[in-house]
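Summary of the model geometry
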Amino acid sequence: MTATGTYALTLDNSRNILAASSSFRGLLGASTIAEAKALTWWEITDDIGEYLQAAMPRAIVKYSGAFSFHRTSTKGWMFDVPISVLIEVTTPEQYVDDIQSGAMWFANQVSNMVDELRGLTTGGAADTLNSPNTFISLQDIAIIDQGRGDAENSPDGKPYFVACLSLECRGI
């Protein structure tokens, strides 16, 4: 199904800009933008007891607040919206018994991804997955939390790393 309208396209474009980050693709084990986007879900559809979504690695994007439009003139409107991003990746084997090094590896990956998002949002790159639209206008990127998840909360029972980000977006 194709995203249409400002509300759906904004969330879809957040998936696009994430997928355009090579660090994000690396975390998800995706070699292409399209593969990374396919691993980035629109909404959380699982809980601790019943996993319905794909196994890790995975990412979830969803609105974390009101999608609000503001009138800017007699003919124009602008919106502001917060989007939450949850990224979950199985702990690489080399870090299963060395959590400190694994945590540093994961923090580096998240940091690189945020740096790439900053460049993508200011670089004017075209969104080739949703032409003629361009990437969403990120106004703020926050790493809310990142660390280790409990293996019992993993669909395959393996230890994993998790990061939660907030993207503040603005558009016309």
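Residues numbered from 1 in each chain as written. Predicted model: local features only at pLDDT ≥ 70, side-chain atom pairs only at ≥ 80, totals over all residues. Heavy atoms only, no water.

Here Asn13 lies in helix H1 (residues 5–19). We classify Asn13 as buried; its relative accessible area is 6%. Counting along the chain gives 123 residues from Asn13 to Ile136, while the straight-line C-alpha distance between them is 5.9 Å. (Helix = DSSP H or I, 4+ residues; strand = E, 2+ residues; numbered from the N terminus. Buried < 20%, exposed > 50% of the residue type's maximum accessible area, 1.4 Å probe, protein only.)

The next subject is the pattern of salt bridges. All told, the structure shown has five salt bridges when counted by the stated rule. Here Asp80 and Arg170 are joined by a salt bridge, their closest N and O atoms 2.8 Å apart. Taken together, the residues span a long stretch of sequence, with Asp80 in strand E4 (residues 77–90) and Arg170 in strand E6 (residues 160–171) at a distance of 90 residues. Judged by relative accessible area, which is 22%, Asp80 ranks as partly exposed. It is possible to trace a salt-bridge network through shared partners that takes in Asp12, Arg15 and Lys37. (Salt bridge = Lys/Arg side-chain N within 4 Å of Asp/Glu carboxyl O.)

When pLDDT is averaged along the protein, the result is 85, and 87% of the positions lie at 70 or above. Contacts for the low-pLDDT stretch residues 48–52, under 50 throughout, to residues beyond four places or in other chains number eight contacts. (pLDDT = per-residue confidence, 0-100. Contact = heavy atoms within 4.5 Å.)

Glancing now at helix H4 (residues 99–122). For H4, which comprises 24 residues, the first-to-last C-alpha distance of 35 Å matches the rise-based estimate of 34 Å (1.5 Å per residue) to within 8%. Among the residues of H4, Gly102, Phe106, Gln109, Val110, Met113, Val114, Leu117 and Leu120 are the ones counted as buried. (Expected span 1.5 Å × (residues − 1).)

What follows deals with the pairing of E4. Examined bridge by bridge, strand E2 (residues 58–63) and E4 share six bridges and lie antiparallel to one another. Each residue of the ladder has a partner; that of Tyr63, found in E4, is Ile83. In this sheet, E4 lies alongside strand E3 (residues 68–71) in antiparallel orientation, the contact comprising four bridges. Bridge pairing in E4 places Ser68 opposite Asp80. Where E4 lies against E6, twelve bridges are found, and the strand directions are antiparallel. Its bridge partner being in E6, Val81 is matched across the sheet by Cys169. (Pairing = 2+ DSSP bridges.)

All chains considered together, the criterion is met by ten aromatic pairs. With a centroid separation of 5.4 Å and 80° between ring planes, the pair formed by Tyr63 and Phe67 is classed as edge-to-face. Under the relative-accessibility criterion, Tyr63 is labelled buried at 13%. You can call Phe67 buried: its relative accessible area is 16%. Taken together, the ring pairs connect Tyr7, Tyr63, Phe67, Phe69 and Phe79 into an aromatic cluster. (Phe/Tyr/Trp six-rings, centres within 6.5 Å; stacked < 30°, edge-to-face > 60°.)

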